Amino acid sequence: MLVFPRYSGPSLIEQVCTVENLTNAWRRVRSNIKVSRRTRSAGIDQITLHDFAADWPNQMVRLAEELRDGSYRPLPPRRVAIAKASGGERAIAILTIRDRIAQRAVQQVLTPLFEPLFLDCSYGSRLAVGVPEAIERVVRYTEQGLIWVIDGDIRAYFDSIDHGILLGLLRQRIDEPAILHLIAQWLAVGSVHTETPDETLPDSPLVALLRRSGELIHEALNAPSDPLPTAYDYPDLSRPASPHSGIPTGLFAALSLAQPAFEIARQLTPLLKRIGAQRLAVGGALAVGTVLLSELVHRAQASHDRRGTLQGGPLSPLLANIYLHPFDLAMTAHGARMVRFVDDFVVMCPDRTTAEHTLVLVERQLATLRLTLNPQKTRIVAYAGGIEFLGQALAPRRRQGFLHGISDFHSAEQRLREHVERLRRPDKPPTSDR
C-alpha cells in the first residue's frame, strides 16, 4: 500500500539548484540568524554568517555545482544543549552555513510536494496553520462532547526516527536518486546509532518493505563518488571492491567521502584570504569534520539500526511530518479525533473507556514505526480538570456571565454599574453574579 503517490514532474535536483531557489535559501538562512549572533553562527567549520557573506556569490556557485554533480558532502553538526521549559536539556545541531543553505533549498522544493498530502489533524511545521488553529480544534472537539483526553508524547522522537522507514516513505513520493542521496547523507551525519535492533518493536510487512527500500538508498553513501545509478541495485559493500581488494571496505568508504571534503577546504582558500588569518584554522576544522563524518558512515555500515535526525536542521520538521503521516492515516481511519503538533498530540474521546481502548491503538500504530510513548508524559485525563497543550492551559469555557438571568436592559444597566463599581473597589465584598 502506497502512503504517498509518486511524483512525476520535472527534475527536483534541477529545481533545487536554480539561482532563484538557492538565493531564497540563502536569504532565509541569513534572516533566521539574529544580527547579534551572526558573528557566532558557525558550524564545525568555524565559518560564520559574516564570513560566508564576504564571498557568498562564489560560494553559491560552488554549492550549486556540487549539488548538481553529486560531489556535495555535508559536515557533521556542532551540537549544543539548550534548556527545555519543562526541565532538562535538548540537544540542538548547528550546521555549517553551506549545509543549512543546501537543506533549506531542498526543503523549499519538497514542501509543495508533501504539504497538500498531509492530513488536517497535523498542525506542526505546516503552512497556514499553527498553535492557534490546533488549540481551536481541541476546543471545538470538547464542545462536541469529546471530554476525555489522551495527552500523548513520543519518547525521544527525533532521535528515534528509523532511516530505513523514512527513506522508504520518501522514495514512494520522489524516486530521484540525487535527492534521496542528499537526504541519506544528512541523516547519516545526524544519526544516533544503536548496535543491536530493538526486538520489542517487530516490523509489519509494509514497514519491513519501507525499511528495506530505505536501506538500499542508504547504501549509496558507501559507494564511490561516481554518478548515482538510475536503479537501486547498489554494489555489495560487505566485501572489498575488486579494484581496491587490499583496502578494507570501511576505509575505502571513508576515503571516498574524505576527498570531496578536502576539495571543499581547497576551494575555500580565496574566502579565507578575504576574511583574514583568524579563520585560517578552517582547513583543519574541515579535516577533523571529514574524519568524524567518515567514522559516522563507517558505524552506519556496521550498525544494525540507523536512527535519528537533526533537531535544528531546516529539513527536519518536514521529515518529521513525513515520518508520522502513516500514523495520522491509521488513527484517522479508525475514527480517532486527534490533534498532532509534530511529536506532541492529543486524542479526544467521549468517555474514559473509549480513551483507554484508543490508547492501545496509539501504542500499536506507533510501534509499527518503531516509536514508543513516553510513559511519564502520556496520560488519560478528563478535560473538565484542565489540560496543558502546546504551552496553553485549556479548561472548559464558562457559559454563564454576570448578566445571566437578566431579561431587560434596565436591569442589565444596574448590573453593569454594580460590576464596574466592584472592579473599582476590590475590597468591597462581591455580590452574587448568578
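Residues numbered from 1 in each chain as written. Predicted model: local features only at pLDDT ≥ 70, side-chain atom pairs only at ≥ 80, totals over all residues. Heavy atoms only, no water.

- The name recorded for the chain in an unreviewed UniProt entry is RNA-directed DNA polymerase (Reverse transcriptase), from Chloroflexus aurantiacus.

Things to note about the packing of helix H4 (residues 56–69) against helix H5 (residues 97–114)
- The interhelical angle for the contact between H4 and H5, taken along N-to-C directions, is 55°, at an axis separation of 11 Å. On the basis of the axis angle, H4 is oblique to H5. With respect to the hand of their crossing, H4 and H5 are arranged in right-handed fashion. The residues of H5 that touch H4, namely those facing Met-60, Leu-63, Glu-66 and Leu-67, are Arg-98, Ile-101 and Ala-102.
- In terms of residue class, the contact of H4 with H5 is built from five nonpolar, no polar and two charged. (Axes fitted to C-alpha atoms, helices over the stretch in contact; angles between N-to-C directions. Helix = DSSP H or I, 4+ residues; strand = E, 2+ residues; numbered from the N terminus. Parallel < 35°, antiparallel > 145°, perpendicular 65-115°, else oblique. Left-handed = near helix turned anticlockwise from the far one by under 90°. Contact = heavy atoms within 4.5 Å. Nonpolar A, V, L, I, M, F, W, Y, C, P; charged D, E, K, R; others polar.)

Re unusual backbone geometry
- A positive phi angle is found at Ala-156, which is not glycine, with a value near 45°.
- Inspection of the secondary structure assignment puts Ala-156 in the loop between strand E3 (148–153) and helix H7 (157–160).
- Even without being a glycine, Val-342 presents a positive backbone phi close to 55°.
- Structurally, Val-342 is set in the loop between strand E6 (337–341) and strand E7 (344–349).

Considerations on H5
- With 18 residues, H5 should reach 26 Å at 1.5 Å per residue; the first-to-last C-alpha distance of 25 Å fits that figure.
- At Gln-108, H5 shows its maximal kink, close to 30°; a proline, Pro-112, follows between one and four residues later.
- The element H5 is extensively covered by neighbouring structure, given that 17 of its 18 residues are classed as buried. (Expected span 1.5 Å × (residues − 1). Bend = angle between axes of the 7 residues up to and from the residue. Buried < 20%, exposed > 50% of the residue type's maximum accessible area, 1.4 Å probe, protein only.)

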